[in-house]
Amino acid sequence: MEPTDIKSQSLEELKKTVEALGEKPFRAKQLYEWMHVKLAKSFEEMTNLSMTFRGKLKESCILTTLTALDVQTSKIDGTQKYLFALHDGNVVESVLMRYKHGNSVCISSQVGCKMGCRFCASTIGGWTRNLTPAEMLEQVYRIQETSGERVSNVVVMGTGEPLDNYDTLLRFIHMISDENGLHISQRNITVSTCGLVPKMEALADEKLQITLALSLHASSQEKREALMPIAKKYTITQVLNACRNYYEKTGRRITFEYALVGGENDSQEDARRLAQLLKGLNCHVNLIPVNPIKERSYVRSDKKVIGNFQNKLEKYQINVTIRREMGRDIDGACGQLRKSYIDKKEDS
Ligand SMILES: C[S@@+](CC[C@H](N)C(=O)[O-])C[C@H]1O[C@@H](n2cnc3c(N)ncnc32)[C@H](O)[C@@H]1O
Ligand code: SF4
């Protein structure tokens, strides 16, 4: 029989597991607290549980724990990039960003990605597998434990398309915001998607208080298709309608991510078209100077072009900021730390 992945279980499910092992249901609360508040890495640490119970847990359950293989710390702003090993030899990366308002952790949702966006390092080796809820939680837990600092915000913006791992994502959101766990407010959780329309609609019906970020990156259907293959499946009109629907159902302002790629999507005409597209939508635009990756020839827009793009949007009363670059000295684009680890492994 497959061992039970208890760190992915809700408290209610854990009660049933505990009962099936012949223990009183209240033990589930203690076990849950060890895993999700005290962030225990082994059953041995759980000293208020009997040795017999711990023995039974060890025999029939797994306690998913990620191990940091590498941690890089920025000398500029203290940002840390973590490379974590999973139990099957795969690796994922996560980032800790320190802001005045608190610590934010960016986590991965999949090993690799199927979506094939042209500028993204995460998709170059394709998709390997989905992460489990425990593996998503553990990225936050280990970073909180290693840094010794409370994590107040979570962004699901690392490797992978979170809405392509939908049930796991939902479970993750419920568990990380659970008052019996780390209790991170849903308002402090952001999920970024390339635009899987049916899943965006399903998410709107969940009526969560999280922020939805849409990776838009283009101001026309044609340009979006050139950068993001998913745009062929769901058009820019469909994606924007799904955003409107999300706002109407949840009251949560949408964030649009727009990676500025020199000469591709950064003209004044692009900015004007983008403003037209977003007219009337309660939203915020995050301009991200693209992080060049060696496999592609895309380059970053000039500083001046970026400034002009921002000004144009502001002229149309669009809320816009240029994303502050965190950890510039510790390697660029998301997915690159994992990629360089895999490349090195293949070479050796
Ligand atoms: C890595 S994705 C993960 C979440 C989700 N799959 C998505 O596309 O929104 C997070 C964000 O990083 C952006 N991104 C990916 N590669 C980038 C690069 N080389 N430079 C700047 N932004 C990049 C994506 O477009 C997306 O907005
Ligand atoms: S940008 Fe997001 S959806 Fe696109 S390939 Fe990268 S991780 Fe996947």
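Residues numbered from 1 in each chain as written. Chains lettered and ligands numbered in written order. Predicted model: local features only at pLDDT ≥ 70, side-chain atom pairs only at ≥ 80, totals over all residues.

## Here we look at the overall build of the protein
Looking only at helices and strands, the protein has eleven helices and 14 strands in total. Relative to its length of 348 residues, the protein is compact, with a C-alpha radius of gyration of 21 Å against a globular reference of 20 Å. Overall size of the protein, expressed as C-alpha extent along the three principal axes, is 70 × 50 × 40 Å. Across the 348 residues that make up the protein, the buried fraction comes to 41%. A fraction of 65% describes how many contacts in the protein between residues 6 or more apart in sequence connect residues 24 or more apart. (Helix = DSSP H or I, 4+ residues; strand = E, 2+ residues; numbered from the N terminus. Rg over C-alpha atoms; globule rule 2.2 N^0.38 Å. Buried ≥ 20, exposed ≤ 12 C-beta atoms within 10 Å, placed from the backbone. Contact = placed C-beta atoms within 7 Å.)

## Concerning helix 1 (residues 11-20)
Those residues of helix 1 lying buried are Leu 14, Lys 15 and Val 18. All buried residues of helix 1 lie within an arc of 110° about the axis, which places them on one face of the element. Residues of helix 1 that are exposed and point more than 90 degrees away from the buried face comprise Glu 12, Lys 16 and Ala 20. Contact partners of the buried residues in helix 1: helix 2 (26-36). One or two steps after helix 1, the chain reaches Gly 22, where phi turns positive at roughly 85°. (Arc of directions from axis to C-beta.)

## Looking at the packing of helix 9 (residues 268-278) against helix 10 (residues 303-315)
Running from N to C, helix 9 and helix 10 point in directions that differ by 30°, and their axes come no closer than 9 Å. As the angle between them shows, helix 9 and helix 10 are arranged roughly parallel. Crossing hand, helix 9 versus helix 10: right-handed. Residues Gln 268, Ala 271, Arg 272, Leu 274 and Ala 275 of helix 9 pack against Asn 308, Phe 309, Lys 312 and Leu 313 of helix 10. (Axes fitted to C-alpha atoms, helices over the stretch in contact; angles between N-to-C directions. Parallel < 35°, antiparallel > 145°, perpendicular 65-115°, else oblique. Left-handed = near helix turned anticlockwise from the far one by under 90°.)

## Details of the environment of Cys 283
When you line up the elements, Cys 283 lands in strand 13 (residues 283-289). Taking the C-beta count within 10 Å as the criterion, Cys 283 has 19 such neighbours and is therefore assigned partly exposed. In the structure, Cys 283 is positioned 29 residues away from Ile 254 in sequence and 4.7 Å away in space, judged by C-alpha atoms. Not counting residues up to four positions away in its chain, the partners in contact with Cys 283 are Arg 253, Ile 254, Thr 255, Phe 256, Leu 278 and Asn 319.

## What about the site of ligand 2?
In the region of ligand 2, the neighbouring residues are Cys 113, Met 115, Gly 116, Cys 117, Cys 120, Ser 122, Thr 123, Thr 159, Gly 160, Glu 161, Cys 194 and Ser 215. Counted by class, the shell around ligand 2 contains five nonpolar, six polar and one charged residues. (Near = placed C-beta within 6 Å. Nonpolar A, V, L, I, M, F, W, Y, C, P; charged D, E, K, R; others polar.)

## Brief notes about unusual backbone geometry
Among all residues save glycine, negative phi is the norm, and among peptide bonds the norm is trans. Positive phi is not limited to glycine here, since His 183 has a value of about 60°. The exposed category is assigned to His 183, around which 11 C-beta atoms lie within 10 Å. The backbone phi angle of Gln 317 is positive, close to 60°, even though this residue is not glycine. Residue placement: Gln 317 occurs in the loop between helix 10 and strand 14 (320-322).

## Here's the deal with the pairing of strand 12 (residues 254-260)
Among the seven residues that make up strand 12, six are buried, leaving the element largely enclosed by the rest of the structure. Of the strand pairs in this sheet, strand 11 (residues 211-215) and strand 12 are connected by three bridges, and their pairing is parallel. Within strand 12, the residue paired with Ser 215 across the bridge is Glu 257. Note: strand 12 against strand 13, seven bridges, orientation parallel. Residue pairing for strand 13: Tyr 258 is matched across the bridge by Leu 287. With helix 9 bridging strand 12 and the parallel strand 13, this β-α-β connection has right-handed handedness. (Pairing = 2+ DSSP bridges. Right-handed = clockwise from strand over helix to strand, strands pointing away.)

## Some thoughts on the environment of Glu 44
Its location among the elements puts Glu 44 in the loop between helix 2 and helix 3 (51-60). As a C-alpha pair, Glu 44 and Arg 54 span ten residues in sequence and 7.3 Å in three-dimensional space.

## A closer look at the pairing of strand 11
Counting buried positions over the five residues of strand 11 gives four, a clear majority of the element. One ladder, built from four bridges, connects strand 10 (residues 189-193) with strand 11; its direction is parallel. The partner of Thr 193 across the bridge, within strand 11, is Leu 214.

## Structural notes on the domain arrangement of the protein
A common way to report how large an interface is uses the accessible area buried once the components associate. What the domain assignment reports for the protein is domain 1 (4-62) and domain 2 (67-347). On a C-alpha basis, the centroid separation for the pair domain 1 and domain 2 is 33 Å. The interface is formed by nine residues belonging to domain 1 together with twelve residues belonging to domain 2. (Domains from an automatic or database assignment.)

## Describing the sheet that holds strand 5 (residues 91-99)
Pairing is mixed across the open sheet formed by ten strands, whose spatial order is 3-4-5-6-9-10-11-12-13-14. Looking at which strands have only one partner, the edges of the open sheet turn out to be strand 3 (67-73) and strand 14. Between one strand axis and the next, the sheet turns through 20° on average, direction left out of account. By the bridge criterion, three bridges tie strand 9 (residues 151-156) to strand 10 in an arrangement that is parallel.

## Thoughts on the UniProt feature "binding site: S-adenosyl-L-methionine" (unreviewed entry) in the protein
As recorded in UniProt, the sites labelled "binding site: S-adenosyl-L-methionine" (unreviewed entry) are Gly 160, Glu 161, Ser 192, Ser 215, Leu 216, His 217 and Asn 291. In this fold, Ser 215 is placed in strand 11. The residues contacting Ser 215, other than those within four sequence positions of it, are Ser 192, Thr 193, Cys 194, Gly 195 and Glu 257. With respect to the element layout, Asn 291 can be found in the loop between strand 13 and helix 10. (UniProt positions renumbered as here; feature names shortened; annotations may be inferred.)

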